[in-house]
Amino acid sequence: MTDTTGQFDALVTPHLTTLYRVAYRLLRNTPDAHDLVQDVCITACENLRDLAGVDRPDRWLLRVLNNRFINLATRRRRAPFVPIDDASGVLQFPSLEPGPEALLQQDERERALQHAFLRLEVSQRTLLSLRAEGYGLEEIEVITGVAKEVLRARLHRARRSLAQHLEPQQETAPRVVPLPRSAS
Amino acid sequence: MNCQEFAQVLDEQELHQLPAVAREAAEAHLAACAACSSDHEVHQRLAALPIPAVSTARVAGWRALGTSGALDGARRQRVRARFAVIGVLAVMAAAAAVLGLRREDPPAQAVEVATAVAPSPVLGDTVVPASLIAEEVVTVATESGRVSAQPVQPGPRALTLLVQPLDYETEDGPVRDAAEHFYSAVVGGLREIPGLQIIGPDPAIDPASRQTDFRISAAARTAKANQQGVQWEVRLRMHVLQGDARRVQPILVGGMVAGEACPAEAPAGCGAAAMAPAILDLLRRMIVPADPSLEGRLAAQVQDAALPPVERVRALEILNCQRIAAGATCPRRDQLGADVVQAALGVVSGPGDPSTRAAFVRALRGQQHPELIQPLIEIAHREPVEPLRLEAVTSLAEDFSGDVAARSALELVARDDASPLVRKVAARATSGTAIWNEYAIATARDTALPVAQRLAPVEWMTSNKARGELPGLLDQLLDGAGAYVALADLLTAAQKESQVGAGTMALMSSLRDSRHSAAVDFWFAIFERSPEATVLSGLYRHRGEARVRRKLEEIAAAHPDLKLREAAASLLEQPQN
């Protein structure tokens, strides 16, 4: 037991915050991110011997996290689950007013970005999240098992796709149809 | 630098990490290339999206899960494969018997019993951290070393609610106490709902894949500290996982922990005990099972004259307002059965306590059974107690304004009723909203009236269909020289006299969203009276205005209160609309 504790502390505990940050970036909600990290912890605990043999435990853990995330996303596609995270769905009860912090979190641009991000493909979300967390393509290659050049192209497409989602809807100008001249 | 070179930089590093020469080249390319500039902006904005801090308790919980030794790796594997749940001998039988917990997949073989853990805290009397609830108790012992599933009791299909442990995002002891008190009371109340089985989490099963009908989770945090004291806050998330109606309903609730505003009799934090019933009520309405047998039981409760009226009216409310989709209003009112309506009418028309009768009238709102009209008219004309008359007139106005008899009654009430509020509610139905708005504004501005009376029309609007018209009324309230000062005086007085009801809160909320130019003056005036960060948040929508920015800059630069300086600076940093 002590051995397990020591191994877990050495191999997993230092990376828990990073795992949570990436999980949150992928899912954009705290409970799901917590669940995902918990799942990674269980997997890590089951495979401590394997984990002890790798050079970079953080990459191994992130790979597990990514796989779990893909599984989760697949399940949700089969059973669509609509998160209602925007402020309009939050019921406020008397005696507590949203403070500046809460209001800042509701920033519309931020929310639009978040919603656009959640509409991306799963693999695009992974790429953008890891990159946003500071991982370079070489590290992402190790984590995802996808070749670097393929990743580069995907990352480029993911950014373009996100930018497109963020573009404001253009209002179409009303068409002017000339009336037929009366044949007077 | 060309696009390809820039892309390589963007894929590997941050611009600020580049050597000066390379950075200048990258920036020059950015300035000239719209496509790369867009890519860069997307990357920056994503990197800047906020990530809530993870609590130390949560990290400790993960660590405990991995290091507890309660389950070694191989055992976890077996448990996971069978979807079995580890239990504790000493508490299993009692807990399972009391809670009536049920398993979906009874294990066919023996499962080793884990080392002792505390009995289910969420399901018990208190709420404790996730790390202590990792192994939930849902099985009973049959013989030493072997466990088997608690057999499901025959009867109507029960719905299941998975209660996740309270998550702490604060280290503040009193805040934790208040949040625990609140969550414990809510879970305790949920357990009382007939037809609903409460189950605990299982570390071996992903909650998202757990076959439950509902899942509730909660996070406790410190909202803020101001002059009145510290505020606790709980963010509840109710996941409705049934059929096509899958959704998550977030609910934010909180109150004061300590300070002048906290009455001494609140043992576990001011507001925690008072808030739980309101939230519980909301949750009850959200999760009332569609099980016909349960609806039958509720209908029987309404009709059972031997039950206390409060229980009967609660059953009626639940029956009449099922499944809140979003927001605090009732979206679906199916027509109730005639027997239920008759039973409720018996109370409404009886000689009982007027407040009970008023509660029944309110609980029947939305029902358009013709037999309701005459009793409501009787009350509207003859009842001496104003709140009961008001409820009856509101029902006539909202549900029966197209009926000839009801309309005549409303016209009479609008002309003759002794109460101005009742008269205007009736007039609103017969003559339109202009007269009502005029009345509501004049009443709010009438400094000769008590504060509660001045706010009564707003309170009435908030609790009825007219709620959506509040922003329009607010704009009119802000019109006119100095009107904002009068409004600031009124709302400050309401706070001082503890008259802040749902209507006042809704008004404040509308003031935050208002685009009326005087809304800024209002918030400035409030800030003068009560310099708090909460007040500054009222300026959020107006942060792009020059005078607001000047004010925020002043506060950020020189205000003696650090929290205010930070709040102002934080607002200034936000992108402008």
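What you see as residue numbers is a count from 1 along each chain, following the sequence as written. As a convention, the first chain written is A and the first ligand written is 1, with the rest following in written order. Where totals are concerned, whole chains, interfaces and linings use all residues; where local detail is concerned, this predicted model gives features only for residues with pLDDT of at least 70, and gives and counts side-chain atom pairs only at 80 or more. Hydrogens and waters are ignored; side-chain quantities use all the structure's heavy atoms.

## Considering the overall build of chain A
Okay, step 1: Secondary structure follows DSSP: runs of H or I at least 4 residues long count as helices, runs of E at least 2 residues long count as strands, and numbering of each begins at the N terminus. Scanning chain A for helices and strands turns up 10 helices and one strand.
Okay, step 2: Mapped from its N terminus to its C terminus, chain A presents α and β elements in the order α-α-α-α-α-β-α-α-α-α-α.
Okay, step 3: Relative to all contacts within chain A whose residues are 6 or more apart in sequence, the contacts with residues 24 or more apart total 67%.
Okay, step 4: Accessible area of chain A: about 9,500 Å², with a carbon and sulfur share of 50%. Should any heavy atoms of two residues lie within 4.5 Å, those residues are considered in contact. With residues, only the protein chains shown are counted as cover, and all accessible areas are computed by Shrake-Rupley using a 1.4 Å probe.

## Regarding the overall build of chain B
Okay, step 1: When its secondary structure is counted, chain B shows 25 helices and seven strands.
Okay, step 2: Taking the contacts inside chain B whose residues are at least 6 apart along the sequence as the reference set, 65% of them involve residues at least 24 apart.
Okay, step 3: Surface summary for chain B: the accessible area is close to 24,600 Å², and the carbon and sulfur share equals 54%.

## Regarding the confidence of the model for chain B
Residue and element names in this part refer to chain B.
Okay, step 1: Here pLDDT means the predictor's own confidence in every residue, given as a number from 0 to 100. Within chain B, residue pLDDT values average 72, and 71% of them lie at 70 or more.
Okay, step 2: Every residue in residues 69–156 is under pLDDT 50, and counting partners more than four places away or in other chains gives 149 contacts.
Okay, step 3: Note on the complex model: pTM 0.45, ipTM 0.77.

## Examining the packing of aromatic side chains
Residue and element names in this part refer to chain B.
Okay, step 1: Pairing of aromatic side chains requires ring centres within 6.5 Å, counting the rings of Phe and Tyr and the six-membered ring of Trp. Pairs whose planes differ by under 30 degrees are stacked, by over 60 edge-to-face, and all others tilted. Considering all chains together, one arrives at four aromatic pairs over all chains under this definition.
Okay, step 2: Ring centres of tryptophan 436 and tyrosine 439 lie 5.6 Å apart, and the angle between their planes is 55 degrees; on these two criteria the pair is classed as tilted. With a gap of three residues between them, tryptophan 436 and tyrosine 439 both fall in helix α17 (residues 433–445), about one helical turn apart. Like tryptophan 436, the residue tyrosine 439 is buried in the burial classification.
Okay, step 3: Considering the side-chain rings of phenylalanine 522 and tryptophan 523, the 5.1 Å spacing of their centres and the 80 degrees angle between planes classify their relative orientation as edge-to-face. Note on accessibility: phenylalanine 522 and tryptophan 523 belong to one class, buried.
Okay, step 4: Ring-pair connections join several aromatic residues into one group, and the members of that group are Trp436, Tyr439 and Trp460.
Okay, step 5: Charges are assigned to positions over rings by a cutoff of 6 Å between ring centre and Lys NZ or Arg CZ, combined with an angular limit of 35 degrees from the ring normal. One Lys or Arg, arginine 543, reaches over the ring of tyrosine 540 and ends 4.1 Å from the middle of that ring.
Okay, step 6: In this structure, lysine 551 is placed above the aromatic ring of phenylalanine 524, and the distance from its NZ or CZ to the ring centre is 5.4 Å. Exposure is judged per residue with a 1.4 Å probe applied to protein chains only, and the accessible area is read against the type maximum: over 50% gives exposed, under 20% gives buried, and values in between give partly exposed.

## Digging into the pairing of strand β4 (residues 196–199) of chain B
Residues and elements named next belong to chain B.
Okay, step 1: Side chains Leu196 and Ile198 project from β4 onto one buried face, and the interleaved Gln197 and Ile199 project onto a second face that is buried too.
Okay, step 2: Strands were regarded as paired on the criterion that DSSP finds at least two bridges between them. As defined by bridge partners, strand β3 (residues 159–168) adjoins β4 across four bridges and the pair is classed as parallel. Residue threonine 160 lies in a different strand from β4, and its bridge partner there is glutamine 197.

## Section: the packing of α17(B) against helix α18 (residues 451–462) of chain B
All names here are of chain B.
Okay, step 1: Note on geometry: axes are C-alpha line fits, over the in-contact stretch for helices, and angles between N-to-C directions span 0 to 180 degrees. Where α17 contacts α18, the two axes come as close as 6 Å, and the packing angle between them is 140 degrees. The angle between α17 and α18 places the two elements in the oblique class. Note that α17 runs across α18; the crossing there is left-handed. Of the residues in α18, those touching α17 at Trp436, Tyr439, Ala440, Thr443, Ala444 and Arg445 are Gln453, Arg454, Pro457, Trp460 and Met461. Just so you know how the angles are binned, under 35 degrees is roughly parallel, over 145 roughly antiparallel, 65 to 115 roughly perpendicular, and the rest oblique. Left-handed describes a crossing whose near helix is turned anticlockwise from the far helix by less than a right angle; the clockwise case is right-handed.

## Focus on the nonpolar core
All names here are of chain B.
Okay, step 1: If you look at the biggest cluster of nonpolar residues, it comprises 90 residues, and the most contacted ones within it are Leu316, Leu396, Leu487, Leu511, Phe522 and Leu536.
Okay, step 2: The dominant element in this core, judged by the number of residues it contributes, is helix α22 (residues 517–529), at nine residues.
Okay, step 3: In this view, leucine 316 contacts Val302, Leu336, Val340, Ala344, Phe360, Ala363 and Leu364; residues no more than four positions away in its chain are not counted. What makes a nonpolar core is a set of buried Ala, Val, Leu, Ile, Met, Phe, Trp, Tyr and Cys residues whose side-chain atoms join them at distances within 4.5 Å.

## Observations concerning empty space enclosed by the protein
Residue and element names in this part refer to chain B.
Okay, step 1: The rule is simple: put a 1 Å grid over the protein atoms alone, call a set of points where a 1.4 Å probe fits but cannot get out a cavity, call an open set with protein on both sides within 12 Å along at least five of seven lines a pocket, and count a residue as lining if it has an atom within 4 Å of a point. Grid points are joined across faces, edges and corners, and a volume is the space filled by probe spheres set on the points. Within this structure, the stated rule accounts for eight cavities of 30 Å³ or more.
Okay, step 2: For the second largest cavity, the calculated volume is near 60 Å³.
Okay, step 3: Lining the second largest cavity are Leu345, Val348, Val361, Leu364, Arg365, Gln367, Leu372, Leu376, Ser395, Asp399 and Phe400.
Okay, step 4: Every element with two or more residues in the lining of the second largest cavity is listed here: α11 (338–348) and α14 (386–399).
Okay, step 5: Amino acids outside the nonpolar list (Ala, Val, Leu, Ile, Met, Phe, Trp, Tyr, Cys, Pro) and the charged list (Asp, Glu, Lys, Arg) are all regarded as polar, and Gly is one of them. Split into classes, the residues belonging to the lining of the second largest cavity amount to seven nonpolar, two polar and two charged.

## A closer look at the packing of helix α8 (residues 122–132) of chain A against helix α9 (residues 137–144) of chain A
Residues and elements named next belong to chain A.
Okay, step 1: α9 packs onto α8 with a crossing angle of 135 degrees between their chain directions and a minimal axis gap of 10 Å. Taken together, the axes of α8 and α9 are oblique relative to one another. Viewed along their axes, α8 and α9 form a crossing whose handedness is right-handed. Only Ile140, Ile143 and Thr144 of α9 make contact with α8, whose side of the interface consists of Thr126, Leu127, Leu130 and Arg131.

## Some words on helix α25 (residues 562–573) of chain B
Residues and elements named next belong to chain B.
Okay, step 1: Helix span, as expected, comes to 1.5 Å for every residue beyond the first. In this model α25 runs 16 Å from its N-terminal to its C-terminal C-alpha over 12 residues, within 8% of the 16 Å that 1.5 Å per residue would give.
Okay, step 2: Along α25, the residues classified as buried are Leu564, Ala567, Ala568, Leu571 and Leu572. What you see down the axis of α25 is that its buried residues fit within an arc of 135 degrees, all on one side. Here the arc refers to the set of directions running from the helix axis out to each C-beta atom.

## What to know about the side chain of Glu398(B)
Okay, step 1: When you line up the elements, Glu398(B) lands in helix α14.
Okay, step 2: None of His or the chain ends enter the tally, which takes Lys and Arg as positive and Asp and Glu as negative. In what follows, salt bridge is the name for a side-chain nitrogen of Lys or Arg lying within 4 Å of a carboxyl oxygen of Asp or Glu. Buried and unpaired, Glu398(B) has Arg365(B) as its nearest opposite-charge partner, separated by 4.5 Å.

## Some points on the pattern of salt bridges
All names here are of chain B.
Okay, step 1: Under the counting rule described, the total for this entry stands at 27 salt bridges over all chains.
Okay, step 2: Linking arginine 221 and glutamate 233 is a salt bridge whose minimum nitrogen-to-oxygen distance equals 3.5 Å. With a gap of 12 residues between them, arginine 221 in strand β5 (residues 214–226) and glutamate 233 in strand β6 (residues 229–240) connect regions that are remote in the sequence.
Okay, step 3: With a closest N to O distance of 3.6 Å, arginine 547 and glutamate 545 form a salt bridge.

## Structural notes on the environment of His181(B)
Okay, step 1: Tracing the backbone shows His181(B) in helix α7 (residues 173–191).
Okay, step 2: Residues His181(B) and Ala276(B), spaced 95 residues apart in sequence, show a C-alpha to C-alpha distance of 8.7 Å.

## Concerning the environment of His43(B)
Okay, step 1: Mapped onto the elements of the fold, His43(B) is located in helix α3 (residues 34–48).
Okay, step 2: On the accessibility criterion, His43(B) (4% relative accessible area) is buried.
Okay, step 3: Between the C-alpha atoms of His43(B) and Leu10(B), which are 33 residues apart in sequence, the distance is 8.3 Å.
Okay, step 4: For His43(B), the residues in contact, after removing those within four places along its chain, are Arg131(A), Ala132(A), Arg159(A), Leu10(B) and Glu14(B).

## Here's the deal with the environment of Ala486(B)
Residue and element names in this part refer to chain B.
Okay, step 1: Among the secondary structure elements, alanine 486 is positioned in helix α20 (residues 483–496).
Okay, step 2: In this structure alanine 486 comes out as partly exposed when scored by relative accessible area, which is 32%.
Okay, step 3: Sequence separation between alanine 486 and arginine 445 is 41 residues, and the spatial gap between their C-alpha atoms is 6.9 Å.

## Focus on the state of the cysteines
Residues and elements named next belong to chain B.
Okay, step 1: Throughout, a disulfide means two cysteine sulfur atoms within 2.5 Å of one another. Taken as a whole and judged by the stated rule, the model has zero disulfides over all chains.
Okay, step 2: The thiol of cysteine 3 is unpaired, and the distance to the nearest cysteine sulfur, on cysteine 36, comes to 3.7 Å.
Okay, step 3: Of all cysteine sulfurs, the one in cysteine 33 lies closest to cysteine 36, which takes part in no disulfide; the gap is 3.6 Å.
Okay, step 4: On the accessibility criterion, cysteine 36 (5% relative accessible area) is buried.

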